[in-house]
Structure formats: structure tokens, C-alpha cells
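So the chains spell out like this:
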Amino acid sequence: MASSNHVTPTNCSWWPISAMDEDGKVADGEECEEPTAESKPFNKDRLVLYHWTQSFASQKVRLVIHEKGLVCDERDVSLPLQEHKEPWFMRLNLGEEVPVFLHGDTIISDYNQIIDYMEKNFVGGMTQRFLYGQLDPQNLRNATFLLCLCLPPAETVAQLIPDPDSPLYDRVQQYRHLLDGLPMDAYTHGCILHPELTTDSMIPKYATAEIRRHLANAATELMKLDHEEPQLTEPHLSKQKKLMAKILDHDNVNYLKKILGELAMVLDQVEAELEKRKLEYQGQKCELWLCGPEFTLADICLGALLHRLKFLGLSRKYWEDGSRPNLQSFFVRVQKRYAFRKVLGDIHTTLLSAVLPNAFRMVKKKPPSFFGASFLMGSLGGMGYFAYWYLKKKYM
């Protein structure tokens, strides 16, 4: 069984994607409980990512996947619908956290280990293409076969962490750990609970009351699951203690002001580093990123951070006021990258894209009456229509 912070090779057949025989039929005694995607025949080299679209760690893993151009089956695990607490997911990760990455018989349930695993196994070389079942090694000599598949050259599999002997390696790792070490969950919950500290936040006001209700009910829901799934009691109790500690910290406005002040100092350091790149490569025609002319994992961490701060209503405080022009320029450029557009989308529609799929999935899990379903579908359609015209009028 996979546990949090471990890389676990396993031959178990109880995960949702492997509960089927090669002919696609469910094995005897197995029921696929995975609610988010249709099960497919098990492939030992298949890549699968269980994530939630609004999970900060999940977003960074998905950005790495898309920057590398990897073929991966991405399956959304809705935290608002409590899918991360369902038994089928806890068998993948007792820590009840996303993301969880599967490669064949290997389960990885720690964000940093997922990144390191992908960087080690998916960088350049035609061998990486075999992992997706797109090429057979016997066809390597057949140039016509390669051309017909229209695959990009193997060199396009990006290396996001320089080799250890590279002078940029230490710099990339330094900023990776610095930015990953920021308490993003505290920023997110704190800004929702204390909107007075934000400006132009894209989170609606009702979210404050809603998150307080969810946090208040979380402990009760965990205890309920303890009775329903007694074999999972220990991880639930551990989760409950961590949850209660987070509630106290993230709802403390003085604590929030303190960590936001520390965030300002980190962004000052990043601003200075970006200025160093401009001086270092002055007069050279190349696109500059945080650690040099090559786009790296440090840039993914920084881009994801700025996107989240913008969503929370902190961008005007930290760079849109003109205090950090290099940061402003970086954010404009990073948003134009294909991977960022694919994973994060238009920042002004982030909330809408998170709410609607959950609403449809809730209906699918618990279908209402015909009248109720018609009313819900009409309401969602109306919400989408008015949201579109509002956003078009305001931002287009």
C-alpha cells in the first residue's frame, strides 16, 4: 500500500486503473470505485496523475508534465466533493493528499518526489517515447514510420533541472526550495478568511462563510469516516489534528500579516535575481528567466506562485504597483507559455472552471428529480452565460 512521502512499487490490482483485465473486463471480486474517469486496460508503462485542478502542488506537477510534453492520463480528484477521503483514493495515498503519480507499478504520493522522478526518467532520448506505447524499438530504423506518426524529436523532452555539474544546478535548486517552502495553503485560506487584506481578489465574498462552514464540519466528517472505515482510523486521526492546527493558524490575522511580510522579502530576493540576469546577459539576444536563458523548474515554481497570488488579490500589493518591475515582466511572459495556458488557463475564469465541473459531478453522483435536474442545468447554463458576458465586458 502506498503511503505519503514514499515511492512505492506495487503489483496490487486494486487501484482503479488496474482493476481490469487486458480485455477490459472487471476482474472477479473487483469493483472500480474511481469516479472521475472511465477505466481502461492496465498498461505497465502508462502515466496517470490523480490531482485537483485548484491544488497548488497539483498545478506545478501538471505544469512540469506539459512543459515536458508527456502523455499522461490526468484524473481530477475533487477536494470539495471529498473524493480524496474515499477509500479507493486512500489506498493510493493514506495522507489523503493530491497529487498522486502512477507509472506502471510505481505509486508516488509526494510532490517533490514526483518532480524528481519525472526529471530522472523523462528527459530527452527516444527511449522515453517507448513508455507511452507510441513506438516499438524495432521501428527505430524505419524513418517512414517515424514521419507518419508526426512525433516531435526526442530532444523536445525538456530538462527542467540542469545536470549537477552545471553552474546553474545550485541556483535552480536554491529557488526551487525557497519558493516551494512558502506556506501557500496559509496564504490561500488566510486571504479567503480575511479579504480585507486583499485587493481585487477573484474569490467571491460568499467563499469566506463557505470555507468557515467546511472547516467547522471537517472534524465531524473525519470522525464519521473513522466509524465507516475502521481500518483507516489512524491516518484519519492524524489528519484531524493537522486540520485543527491549520484552522487556528490560518484564521489568525496577525499570523497572516507576518507570513505576508516574509513573502515580500522573498519576492524582493527574486526581483534582485531577475535584475542580475538582465545585467549578466546584457546585449545578448535571448529570453531571460529566473536562473538564466533556459526555462527551468524554478520558473515553474515562480510562475505558479504569481498566478495564485494574482487570484488571491495580492498582485497589486507585490508587483502591479510598480515596486517590482522585473517580477511584473516575468509574469506577463510566463503566462504566454503553452503549458501555463493549458494548465492554469485564463486567470479571470479560474473560479468558474473549478465550480462547474464539481456541480456536474455532484449531479452525476446523486441525480436529482427531473424537475430538479432541469432547474439545475438551466441555472448552470444561465450562470455560465452571464459570467461570460461579465468577463467579456470587464476584460476584453
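Chains are numbered independently. Their residues run from 1 in the order of the written sequence. Reporting in this predicted model follows two pLDDT cut-offs: at least 70 for local features of residues, and 80 or more for side-chain atom pairs to be given and counted; totals over whole chains, interfaces and linings ignore these cut-offs and use all residues. Each side-chain value is derived from all of the structure's non-hydrogen atoms; neither hydrogens nor water enter the calculation.

Asker: Any chance you could explain the overall build of the protein chain here in plain terms?
Answerer: Each helix is a run of DSSP H or I of at least 4 residues and each strand a run of E of at least 2, with the numbering of both proceeding from the N terminus. A tally of regular secondary structure across the protein chain gives 16 helices and five strands. Note on classification: 1.4 Å probe, protein chains only; a residue is buried when its accessible area is under 20% of the maximum for its type, exposed when over 50%, partly exposed between these limits. Relative to its full complement of 396 residues, the protein chain shows a buried share of 44%. Note on definitions: a residue-residue contact is assigned when non-hydrogen atoms from the two residues lie within 4.5 Å. Taking all contacts inside the protein chain whose residues are at least 6 apart in sequence as the whole, residues at least 24 apart take part in 69%. Counting every atom, the protein chain has about 20,700 Å² of accessible surface; 57% of that belongs to carbon and sulfur. Working definition of accessibility: Shrake-Rupley area with a 1.4 Å probe, residue cover restricted to the visible protein chains.

Asker: Explanation requested: the packing of helix α11 (residues 297-312) against helix α13 (residues 325-334) in the structure shown.
Answerer: Helix-helix packing is characterised by the crossing angle of the two axes and by the distance between the axes. Where α11 contacts α13, the axes come no closer than 10 Å and their chain directions differ by 100°. Comparing the axis directions of α11 and α13 gives the class roughly perpendicular. Residue-level inspection shows Asp299, Leu302, Gly303, Leu306, His307 and Lys310 of α11 in contact with α13, the latter providing Leu327, Phe330, Phe331 and Val334. In terms of residue class, the contact of α11 with α13 is made up of six nonpolar, two polar and two charged. All axes here are fitted lines through C-alpha atoms, helices being fitted over the stretch that makes contact, and every angle between N-to-C directions spans 0 to 180 degrees. An angle below 35 degrees is treated as roughly parallel, one above 145 as roughly antiparallel, one from 65 to 115 as roughly perpendicular, and anything else as oblique. For this classification, Asp, Glu, Lys and Arg are treated as charged, while Ala, Val, Leu, Ile, Met, Phe, Trp, Tyr, Cys and Pro are nonpolar and the rest, including Gly, are polar.

Asker: Help me understand the packing of aromatic side chains, please; the structure alone is not making it clear to me.
Answerer: Pairing of aromatic rings covers Phe, Tyr and Trp, the last counted by its six-membered ring, and requires centre-to-centre distances within 6.5 Å; plane angles under 30 degrees mean stacked, over 60 mean edge-to-face, and any other angle means tilted. The final tally for this structure, using the stated rule, is six aromatic pairs. Ring geometry for Trp289 versus Phe330: centroids 5.5 Å apart, planes at 90°, classification edge-to-face. Here Trp289, found in the loop between α10 (253-280) and α11, pairs with Phe330, found in helix α13; they are 41 residues apart in sequence, far enough to count as distant. The class of Phe330 is buried, set by a relative accessible area of 0%. Ring centres of Trp319 and Phe331 lie 5.5 Å apart, and the angle between their planes is 65°; this geometry places the pair in the edge-to-face category. Residue Trp319 is located in the loop between α12 (315-318) and α13, and its partner Phe331 is located in helix α13; the two are separated by 12 residues in the primary sequence. Taken individually, Trp319 and Phe331 each receive the classification buried, so the pair is uniform in this respect. Among the aromatic side chains, those forming a connected cluster through ring pairs are Trp289, Phe295, Phe330 and Phe340. Cation over ring: Arg333 sits above Trp289, and NZ or CZ is 4.6 Å from the ring centre. Across from the ring centre of Phe295, 3.7 Å away, lies the NZ or CZ of Arg337, which sits over that ring. Look at NZ for Lys and CZ for Arg. If either is within 6 Å of the ring centre and within 35 degrees of the ring normal, a charge sits over the ring.

Asker: Could you clarify how one ought to interpret the pattern of salt bridges in this entry?
Answerer: When the charged atoms of two side chains with opposite charge come close together, those side chains can pair. Note on definitions: salt bridges are taken to be side-chain nitrogens of Lys or Arg within 4 Å of carboxyl oxygens of Asp or Glu. Per the stated rule, a full pass over the model turns up 16 salt bridges. One salt bridge connects Arg176 with Asp116, and the closest N-O pair in it is separated by 2.9 Å. Taken together, the positions of Arg176 in helix α6 (residues 169-180) and Asp116 in helix α3 (residues 111-121) put the pair 60 residues apart, joining distant regions of the chain. Taking the shortest distance from any N to any O, the salt bridge between Asp268 and Arg324 comes out at 2.9 Å. Here Asp268, found in helix α10, pairs with Arg324, found in the loop between α12 and α13; they are 56 residues apart in sequence, far enough to count as distant. Several salt bridges share partner residues, and in doing so they unite Arg171, Glu273, Arg277 and Glu280 into one network.

Asker: What should I look at first to understand the pairing of strand β4 (residues 100-103) in this one?
Answerer: For a regular strand, side chains alternate in direction, first toward one face of the sheet and then toward the other. Residues Val100 and Leu102 point to one face of β4 and Phe101 and His103 to the other, with burial holding for every one of them. When strand β2 (residues 47-51) meets β4, the two strands line up antiparallel, connected through four bridges. Its bridge partner lying in β4, Leu49 is registered against Phe101. Should DSSP find at least two bridges between two strands, the strands are regarded as paired. In this sheet, strand β5 (residues 106-108) lies alongside β4 in antiparallel orientation, the contact comprising three bridges.

Asker: What's the story with the pairing of strand β3 (residues 73-76) in this structure? I'm lost.
Answerer: For β2 and β3, the ladder comprises four bridges, and the chain directions are parallel. For Leu49, the partnering residue across the bridge sits in β3 and is Glu74. Every crossover in which the path from the first strand over the helix to the second runs clockwise, viewed with the strands pointing away from the viewer, is termed right-handed. Since β2 and β3 lie parallel, the crossover through helix α1 (residues 56-68) that links them has a hand, and here it is right-handed.

So far we have only geometry, and geometry alone does not tell us how the molecule works.
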